[in-house]
Amino acid sequence: MFRDPDGHELEIYWESQWYEAPPELRPSLKNQAQAYPALGVCVRRLDHVNFLAAEVEPSTAFVRDVLGGHPTEQIRLDDGTIGARWLTFTNKSYDLVYTRDWTGANGCLHHIAFATDTREDILRAADIFLDNDVFIETGPHKHAIQQTFFLYLYEPGGNRIELCNPCARLILAPDWRTVTWTEAERAKGQAWGLKTIESFHTHGTPPVDVPAP
């Protein structure tokens with residue numbers, strides 16, 4: 001157990017216990033973890049974690065140089081600093097993200113993301129959340145960075161949750177060059193023009209007091 005330079009608590013483990021589905025969820029195809037549960041949104045797996053950080057570069061340099069994560073995309077602001085960086089430990093396009101916290105706080109969570117099988121699952125999820133009075137922060141829409149189809153909501157404890165469909169983007173080139181986005185390019189919004197909302201840069205958990213403008 002240890003902390004990154006921004007104060008997020010991380011843990012490295014060695015052994016995993018393989019999941020065994022209960023009898024009612026045992027799959028006919030033994031090369032999948034369980035049968036389709038057909039309950040609620042039916043997320044497939046944990047996809048990634050996004051941390052807020054007062055400064056992005058120290059923590060992402062630590063993840064890259066000490067833990068072996070590879071940066072796949074990033075945002076470089078006009079002053080030359082990194083506003084956000086996406087890193088992968090696998091062939092997925094990203095597993096861990098650090099985003100600059102406009103409040104200047106340390107050690108906050110931006111969101112946890114769960115992947116669905118299809119984009120249509122996310123559209124259905126939006127209706128399920130609407131029917132159950134779950135606050136939808138933004139989406140459904142498509143990110144420009146990583147091209148992930150997304151929907152953001154808050155769970156009852158106030159943590160931001162993303163449902164995402166990454167469209168099976170894989171990083172297979174061992175010499176992948178980090179894609180860098182400029183501040184002007186990001187000001188255009190998401191892939192289809194939806195503007196990035198301000199709470200994306202200020203709402204994290206645990207919450208911090210934001211000074212009045």
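Above: the structure in question.
Quantities reported herein were computed from a predicted structural model and do not represent experimental measurements. (Residues numbered from 1 in each chain as written. Predicted model: local features only at pLDDT ≥ 70, side-chain atom pairs only at ≥ 80, totals over all residues. Heavy atoms only, no water.)

Draft legend 1. Layout of the overall build of the protein. Within the protein, the regular secondary structure consists of four helices and 11 strands. For 213 residues, the compact-globule estimate of 2.2 N^0.38 gives 17 Å, and the protein sits close to it at 18 Å. Taking the principal axes of the C-alpha coordinates as reference, the protein spans close to 55 × 40 × 30 Å. Counting only residues that meet the buried cut, the protein has 40% of its 213 residues in that class. Nonlocal contacts in the protein, meaning residues at least 24 apart in sequence, comprise 64% of its contacts between residues at least 6 apart. Counting only carbon and sulfur atoms, one obtains 56% of the accessible surface of the protein, whose full area is about 12500 Å². Counting 19 positive and 30 negative side-chain charges, the protein places the centres of these two groups 7 Å from one another. (Helix = DSSP H or I, 4+ residues; strand = E, 2+ residues; numbered from the N terminus. Rg over C-alpha atoms; globule rule 2.2 N^0.38 Å. Buried < 20%, exposed > 50% of the residue type's maximum accessible area, 1.4 Å probe, protein only. Contact = heavy atoms within 4.5 Å. Areas by Shrake-Rupley, 256 points an atom, 1.4 Å probe, with all protein chains shown as cover. Lys, Arg positive; Asp, Glu negative; His and termini not counted. Charge placed at Lys NZ, Arg CZ, Asp CG, Glu CD.)

Draft legend 2. Local environment of the packing of aromatic side chains. If you walk through the whole model with that rule in mind, you get six aromatic pairs. On the basis of an interplanar angle of 80° and a centroid distance of 4.7 Å, the ring pair of Tyr152 and Phe200 is categorised as edge-to-face. One end of the pair, Tyr152, is in strand β9 (residues 149–154); the other, Phe200, is in helix α4 (residues 199–202), with 48 residues separating them in the sequence. Chaining the aromatic ring pairs together yields one cluster made of Phe150, Tyr152 and Phe200. The ring of Phe149 has Arg119 lying over it, and the distance from NZ or CZ to the ring centre is 5.2 Å. (Phe/Tyr/Trp six-rings, centres within 6.5 Å; stacked < 30°, edge-to-face > 60°. Lys NZ or Arg CZ within 6 Å of the ring centre and 35° of its normal.)

Draft legend 3. Layout of helix α1 (residues 56–67). An ideal rise of 1.5 Å per residue puts 16 Å on 12 residues; α1 measures up with 16 Å between its terminal C-alpha atoms. Listed in full, the buried residues belonging to α1 are Val56, Ser59, Thr60 and Val63. What you see down the axis of α1 is that its buried residues fit within an arc of 95°, all on one side. Facing away from the buried surface of α1 by more than 90 degrees, the exposed residues are Asp65 and Val66. Where α1 is buried, its residues meet β5 (82–88) and β6 (96–100). Following α1 by one or two positions, Gly68 has its phi on the positive side, about 90°. (Expected span 1.5 Å × (residues − 1). Arc of directions from axis to C-beta.)

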